[in-house]
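For reference, the chains in residue letters:
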Amino acid sequence: MAPRSEEAWAWFAAVYQAVQEIPHGHVTSYGHIARLVGRPECPRQVGVCLKHLPSPSAEGSEQDPEWHSGNVPWQRVINSKGCISPRGPGGAERQAAALRAEGVEVTRGHLGEYFIDFSAYGWFPDMLPSEAADVEG
DNA sequence: GACATGACTACTG
DNA sequence: CCAGTAGCCATGT
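Novice: Residues and numbers for the packing of aromatic side chains, please.
Specialist: Counted by the stated rule, this structure contains three aromatic pairs. Plain terms: the ring middles of Tyr16 and Trp67 are 6.0 Å apart, the flat faces sit at 45° to each other, and that makes the pair tilted. In this pair, Tyr16 is assigned in helix α1 (residues 6-20) and Trp67 in the loop between α3 (43-51) and β2 (77-78), connecting sequence segments 51 residues apart. Like Tyr16, the residue Trp67 is buried in the burial classification. By the ring-pair criterion, three or more aromatic residues cluster together here, those being Phe12, Tyr16 and Trp67.

Novice: Describe the environment of Pro40, naming the residues involved and giving the relevant values.
Specialist: Tracing the backbone shows Pro40 in the loop between α2 (30-36) and α3. Along the backbone, Pro40 and Tyr30 are ten residues apart, and their C-alpha atoms lie at a distance of 9.2 Å.

Novice: A description of the protein's contact with DNA strand B should follow, citing residues and the corresponding values.
Specialist: Taken together, the neighbourhood of DNA strand B is formed by 15 residues, with Arg44, Leu50, Lys51, Asn79 and Ser80 sitting nearest. Across the atoms of DNA strand B situated within 4 Å of the protein, the share located in sugar and phosphate is 43%. Gly47 places a polar main-chain atom, nitrogen or oxygen, 3.5 Å from a base nitrogen of DNA strand B. A distance of 3.2 Å separates a base nitrogen of DNA strand B from a polar atom in the backbone of Lys51.

Novice: Before we move on, can you summarise the sheet that holds strand β3 (residues 83-84) with the specific residues and values?
Specialist: Reading across from one edge, β3-β5-β4 is the order of the three strands in this open sheet, with antiparallel pairing throughout. Because the sheet does not close on itself, it has two edges, and the strands there are β3 and β4 (106-108). For β4 and strand β5 (residues 114-116), the ladder comprises three bridges, and the chain directions are antiparallel. Across the sheet, Val106 pairs through a bridge with Ile116, a residue of β5.

What counts, and where the lines are drawn
- Residues numbered from 1 in each chain as written.
- Chains lettered and ligands numbered in written order.
- Predicted model: local features only at pLDDT ≥ 70, side-chain atom pairs only at ≥ 80, totals over all residues.
- Heavy atoms only, no water.
- Phe/Tyr/Trp six-rings, centres within 6.5 Å; stacked < 30°, edge-to-face > 60°.
- Helix = DSSP H or I, 4+ residues; strand = E, 2+ residues; numbered from the N terminus.
- Buried < 20%, exposed > 50% of the residue type's maximum accessible area, 1.4 Å probe, protein only.
- Near = heavy atom within 4 Å.
- Polar contact = N/O pair within 3.5 Å; in protein donor to acceptor, adjacent residues only side chain to side chain.
- Pairing = 2+ DSSP bridges.

Now the structure itself:
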């Protein structure tokens, strides 16, 4: 579903663009994306954008730079804790698998949580997450 | 239209 | 370290 307000649409596009800027084999957090788009206090909306990320053009409508799960590496976006929340049965697995497919080493938590080492794959061109300092070691 | 929920994060006690 | 709170937007009932 596309946003109703143009401002909201701009926000969506900004998020997708920021996500596309994530280099291959690296990951970042929702908070960082929100920060890049100028909304450091709206990490939730970032998740909403990815959640509503449309599917890749199946009919070949490559006329406009539309955002879809094919050109937006939503998989490289995880929470600030460096782990993937069990949003759904198989959802986290899909993201973890996608990251591994890029060469990102995904660890497994005791509760089945997928952990990613920010210190190794964290992509933070602007600043470093307080967690990164803690994750070290 | 209003309330509750969700792929989140930082601060406070 | 764990629990509660404030902030934004979209979706479902």
